[in-house]
Amino acid sequence: MATQFGFLSKLEFLQDWASVLLAGLNPAIIHNLEKYHVLKKVHYLSSVEDVSGDYLEFGVFTGSSFCHSIRCCRKLAYLNKKNLNTKFYGFDSFSGFGTLSDDDKHPFYTDENFETSLKAVEQRAKRAAKNDIEFKLVPGFFNESLKGGALEFGIERSRIIFIDSDTYSSANDALTFCAPTVQEGTFIVLDDYFSYRGSESRGVARAFNEFVAQCNIKVRQVFSYGMGGVVYIVSEKKQ
Ligand SMILES: C[S@@+](CC[C@H](N)C(=O)[O-])C[C@H]1O[C@@H](n2cnc3c(N)ncnc32)[C@H](O)[C@@H]1O
């Protein structure tokens, strides 16, 4: 074994080939592939753990992760038929971030990168759902669209929560909305958890820390993925 390793370490062209390939790969591709992978794992785990409830995604953009989640849930229905009862909710302004507070400002989170069309996302989700899965896309800025609370949408329990809206204020609105829906076994996927140079007093990390303290829950980290995404599970909910 040691000799084989020694031989491989001399194949410099192989190392250079792998390095050139990785160095040239767009980081967004790496991030999105790992995001898809982690969403698949979370759908698998909630199927085998028999966690029922709805899928709530905050920050849908063109619908790629939303549609991927629908597909994963449908395909895993052979493990748990109740998957088909999962209702998918996607929340987005479909016009970017709106006006950001000074504290939420970030060089990458700007409206010109995130303008999209609700109609196109709806068509895309329809194709993924194939009449098996119910979904609803809710347009609007979270401080308006979420203010009636989860019960207004008929959401009682969340199975998977995916926060992909990047800023503190949007994540805070989303998590406050989700608070009454979390149960033991709810997975919470947090993209951009380490944004704002890793600060815990800004961005998604701040919103999540406040949410955990206010909800009287215990959470455990399950995975990390991509360029700074993490996944938690609610391991205990105190009454
Ligand atoms: C990174 S993109 C979402 C990507 C998507 N989850 C995917 O993987 O395909 C972030 C989205 O969050 C939305 N967003 C950010 N802040 C928001 C707010 N306060 N209210 C509503 N939508 C918001 C933006 O419009 C944008 O589409």
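Preceding block: the structure.
On a predicted model such as this, the values are computed, not experimentally measured, just so you know. (Residues numbered from 1 in each chain as written. Predicted model: local features only at pLDDT ≥ 70, side-chain atom pairs only at ≥ 80, totals over all residues. Heavy atoms only, no water.)

A. Fine view of the layout of surface pockets. Empty space within the largest pocket amounts to approximately 1100 Å³. The wall of the largest pocket is formed by 42 residues, among which Phe 97, Phe 114, Asp 164, Asp 166 and Asp 192 lie closest to the centre. For the lining of the largest pocket, the secondary-structure elements that each account for two or more residues are α3 (27–48), α4 (64–75), α6 (142–145) and α7 (168–178). Ranked by the residues each element gives to the lining of the largest pocket, the list is headed by α3, at 5 residues. Tallied by class, residues from the lining of the largest pocket come to 12 nonpolar, 21 polar and 9 charged. (1 Å grid on protein atoms, 1.4 Å probe; cavity = no way out; pocket = protein on both sides within 12 Å on 5 of 7 lines; lining within 4 Å. Points joined across faces, edges and corners; volume = space filled by probe spheres on them. Helix = DSSP H or I, 4+ residues; strand = E, 2+ residues; numbered from the N terminus. Nonpolar A, V, L, I, M, F, W, Y, C, P; charged D, E, K, R; others polar.)

B. Spatial organisation of the packing of α4 against helix α5 (residues 118–129). Between α4 and α5, the shortest axis-to-axis distance is 9 Å and the interhelical angle comes to 10 degrees. If you check the angle between α4 and α5, you find them roughly parallel. Remark: the crossing between α4 and α5 carries right-handed chirality. Of α5, the residues touching α4 (which contributes Ser 64, Phe 66, Cys 67, Ile 70, Arg 71 and Arg 74) are Arg 124, Ala 125, Ala 128 and Ala 129. Grouping the constituent residues of the contact of α4 with α5 by class yields 6 nonpolar, 1 polar and 3 charged. (Axes fitted to C-alpha atoms, helices over the stretch in contact; angles between N-to-C directions. Parallel < 35°, antiparallel > 145°, perpendicular 65-115°, else oblique. Left-handed = near helix turned anticlockwise from the far one by under 90°. Contact = heavy atoms within 4.5 Å.)

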